[in-house]
Amino acid sequence: MITTDAVVGSPCWIDLGAPDVRAAVEFYGTVFGWEFEGLDEDGEYGVFRLDGRRVAGIGPLTEENARSAWMIYFSTTDADAAARTVRELGGTVRREPFDVDGRARLAQFTDPLGAEFAVWQAGTDRGLEVVDEPGALNWIELYTSHVAAAKEFYFELFGWSMEDMPLPGSGGAYALLTPAGGNQEHTHGGMMQVSSEYLDLAEGLPYWHPVFAVRECDATVSRVTSHGGGIQLGPENAENVGRMAVCLDRSGADFVVLESTNE
């Protein structure tokens, strides 16, 4: 599960790049009950809150030809060192480390296979204020074209421990990701190798996506579809996990909703 402990290498923030911020605000407000707080005069940059606590950020797309997508930020103690390591490992620094009003130092990267992600070096701000409850982030996933290469890259960058869990049938393995020095309660996500058709959303490139906890998967899916979103997969039951669906918002940004068996 995700925590707010800011363990190095664990997810600590997410934000959405949207072609139409106001439409996205309306969509996610309806689907998850999020409230929007604008941080600029135009209301183009801001944060989503759940019961007053920050659950995500949102802003307009800034890169040419970029697709609407959720960005995962991982906690680091040194964003500049992370940028150097990404380059040494064959990745790309899409945005050099920069400061945000003393709150944090951020940088955005692409791994050697093409998956985009970011790092967050906390200043006065540690990122997410609510996780692992309905309407909030509780897991992340990487769909990749070469899981062995992805494992090597992220191990060298973050020191994650990774444990393979067999998938049902002949579906290969799902690698569970835990930050260095973390215990089982800090296991924050998974990665899996998928065939090319599963990567069509990102034009054949690997990608990360968030998983949000919900009380009722089917009811959430109904809100997604009735307010202009779509469904890639599900709803379906995953043994010992819960009922889940892979969803798309109005602009095609993907996310997963999960009604846990532990709820």
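Residues numbered from 1 in each chain as written. Predicted model: local features only at pLDDT ≥ 70, side-chain atom pairs only at ≥ 80, totals over all residues. Heavy atoms only, no water.

**Digging into the sheet that holds strand β3 (residues 46-50)**
Each strand in a sheet pairs with another by means of backbone hydrogen bonds, the pair being arranged parallel or else antiparallel.
At step 1: Spatially, the eight strands line up as an open sheet ordered β2-β3-β4-β1-β5-β8-β7-β6, and their pairing is mixed. Of all the strands in the sheet, the pair left with one neighbour each is β2 (35-38) and β6 (92-100). Taken pair by pair, the neighbouring strands of this sheet meet at an average axis angle of 25 degrees, ignoring direction.
At step 2: Where strand β7 (residues 104-110) lies against strand β8 (residues 116-122), seven bridges are found, and the strand directions are antiparallel. Note on β8: the bridge partner recorded for A107 is V119. (Pairing = 2+ DSSP bridges. Helix = DSSP H or I, 4+ residues; strand = E, 2+ residues; numbered from the N terminus. Axes fitted to C-alpha atoms, helices over the stretch in contact; angles between N-to-C directions.)

**Let's talk about the nonpolar core**
Within soluble globular proteins, side chains that are nonpolar generally end up buried alongside one another.
At step 1: Y28, W34, W70, F117, Y154, W208 and F255 are the most contacted members of the largest nonpolar core, which totals 67 residues.
At step 2: Per-element tally for this core: the top contributor is helix α1 (residues 21-32), with seven residues.
At step 3: Counting 12 residues, the second-largest nonpolar core is a separate cluster that includes Y174, M192, V246 and V256. (Core = buried A, V, L, I, M, F, W, Y, C linked by side-chain atoms within 4.5 Å. Buried < 20%, exposed > 50% of the residue type's maximum accessible area, 1.4 Å probe, protein only.)

**Details of helix α2 (residues 79-88)**
At step 1: Those residues of α2 that fall on the buried side of the exposure criterion are A79, A82, A83 and V86. Seen from one end, α2 has its buried residues packed into an arc of 100 degrees, which puts them on one side.
At step 2: Buried residues along α2 sit against β5 (69-76), β6, β7, β8 and α3 (147-158).
At step 3: For α2, the side-chain oxygen to backbone nitrogen distance between the N-cap and D80 is 3.1 Å, and the N-cap itself is D78. (Arc of directions from axis to C-beta. Contact = heavy atoms within 4.5 Å. Polar contact = N/O pair within 3.5 Å; in protein donor to acceptor, adjacent residues only side chain to side chain.)

**Focus on α3**
Residues separated by three or four positions in an α-helix point in the same direction, a consequence of the helix having 3.6 residues per turn.
At step 1: The end-to-end C-alpha distance of α3 is 16 Å, a good match for the 16 Å that 12 residues give at a rise of 1.5 Å each.
At step 2: Along α3, the residues that are buried comprise V147, A150, F153, Y154, L157 and F158. Projected down its long axis, α3 carries its buried residues within an arc of 125 degrees, all on one side.
At step 3: Note on α3: the residue one or two positions beyond its end, G159, has a positive phi of about 75 degrees. (Expected span 1.5 Å × (residues − 1).)

**Quick notes on unusual backbone geometry**
Apart from glycine, the bulk of residues carry a negative phi angle, and the bulk of peptide bonds sit in the trans form.
At step 1: Here the amide bond leading from G234 into P235 is cis, since omega sits at 0 degrees, within 30 degrees of zero.
At step 2: Its place among the elements puts P235 in strand β14 (residues 230-238).
At step 3: One non-glycine residue, D101, lies in the positive phi region at around 50 degrees.
At step 4: Secondary-structure assignment places D101 in the loop between β6 and β7.
At step 5: On the accessibility criterion, D101 (75% relative accessible area) is exposed.
At step 6: Despite not being glycine, E203 shows a phi value in the positive range, around 55 degrees.
At step 7: Turning to its location among the elements, E203 is positioned in the loop between β12 (189-193) and β13 (207-213).

**With respect to the sheet that holds β13**
At step 1: Spatial strand order, β10-β11-β12-β9-β13-β16-β15-β14: eight strands in an open sheet with mixed pairing. Looking along the sheet, the strands with just one partner apiece sit at the ends: β10 (161-166) and β14. The mean inter-strand angle of the sheet, taken between neighbouring strand axes irrespective of direction, is 25 degrees.
At step 2: Taken together, the three bridges between β13 and strand β16 (residues 254-260) define a ladder with parallel strand orientation. Its bridge partner lying in β16, F212 is registered against V257.
At step 3: Where α1 meets the sheet, it contacts β13, β15 (242-248) and β16, and its direction lies at approximately 10 degrees from that of β16.
At step 4: The strands touched by α3 are β9 (137-144), β10, β11 (173-178), β12 and β13; relative to β12, the strand with the most contacts, the crossing angle is about 145 degrees.

**Some points on the side chain of S75**
At step 1: With respect to the secondary-structure elements, S75 resides in strand β5.
At step 2: Residues within four places of S75 in sequence aside, it is in contact with A6, V7, V8, G9, S10, C12 and W120.

Nothing here speaks to function; it is geometry throughout.
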